[in-house]
Amino acid sequence: FWAMSMAAGLKGAYDCVHEFSESDFHEDLKKVDVPLLLIHGEDDQIVPVAIAARKTVKLVPGAVLKVYPGAPHGLFATHKDKLNNDLLEFLKS
């Protein structure tokens, strides 16, 4: 995760933090009308599941939430096989 972060541009990384902390997408989420799968790590210390995915799934009608026990923010790297399987299963449904 550190190596990926070091490869990011400084301006992009700085702007990303701003957007994460200052943008409000609540009204946009209420308008989502396509199937939505949320996958979140239970141990995400960057974007905690309680303030992100659990709130989002309540705003999007029919959204599905999968929480990976013990998974961190970078679960795409630490849980890649499970993530890929869940994505493929969702796409087939």
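Scroll up to find the structure.
Overview of the structure. (Residues numbered from 1 in each chain as written. Predicted model: local features only at pLDDT ≥ 70, side-chain atom pairs only at ≥ 80, totals over all residues. Heavy atoms only, no water.)

## As for the overall build of the protein
Rules: Strands are runs of DSSP state E lasting at least 2 residues, helices are runs of H or I lasting at least 4, and numbering of each runs from the N terminus. For every residue, the accessible area obtained with a 1.4 Å probe (protein chains only) is divided by the maximum for its type, and the residue is called buried under 20%, exposed over 50%, and partly exposed between those limits. Residue contacts are defined here by distance: any two heavy atoms, one from each residue, within 4.5 Å place the two residues in contact.
Counting secondary structure elements, the protein contains six helices and two strands. Along the protein, from the amino end to the carboxyl end, the secondary structure elements read α-α-α-β-α-β-α-α. If you line up the protein on its principal axes, its C-alpha atoms span 40 × 35 × 20 Å. Residue burial in the protein is summarised as follows: out of 93 residues, 19% are buried. For the protein, contacts bridging at least 24 residues in sequence account for 63% of all contacts bridging at least 6.

## Brief notes about the side chain of Asp 44
This is how it is decided: Only four residue types enter the tally: Lys and Arg on the positive side, Asp and Glu on the negative side, with His and both chain ends excluded. For salt bridges, the criterion is a side-chain nitrogen of Lys or Arg within 4 Å of an Asp or Glu carboxyl oxygen. Polar contacts, as used here, are pairs of N or O atoms within 3.5 Å; protein pairs need one atom able to donate a hydrogen and one able to accept it. Residues neighboring in sequence count only if both atoms are side-chain atoms.
Mapped onto the fold, Asp 44 is located in the loop between strand 1 (37-41) and helix 4 (53-59). No salt bridge is formed by the buried Asp 44; the nearest opposite charge belongs to Arg 54, separated by 12 Å. A distance of 3.4 Å separates the side chain of Asp 44 from the side chain of His 40, its partner in a polar contact. Those residues in contact with Asp 44 that sit more than four places away from it in its chain are Ala 71, Pro 72 and His 73.

## A closer look at the pairing of strand 2 (residues 64-68)
The following threshold applies: When DSSP finds at least two bridges between two strands, those strands are taken to pair. A crossover gets the label right-handed when its path from the first strand over the helix to the second runs clockwise, viewed with the strands pointing away from the viewer.
Bridging between strand 1 and strand 2 involves five bridges; their strand directions are parallel. The residue bridging Leu 37 from the neighbouring strand is Val 64, located in strand 2. A crossover connection joins strand 1 to the parallel strand 2 through helix 4; in handedness this β-α-β unit is right-handed.

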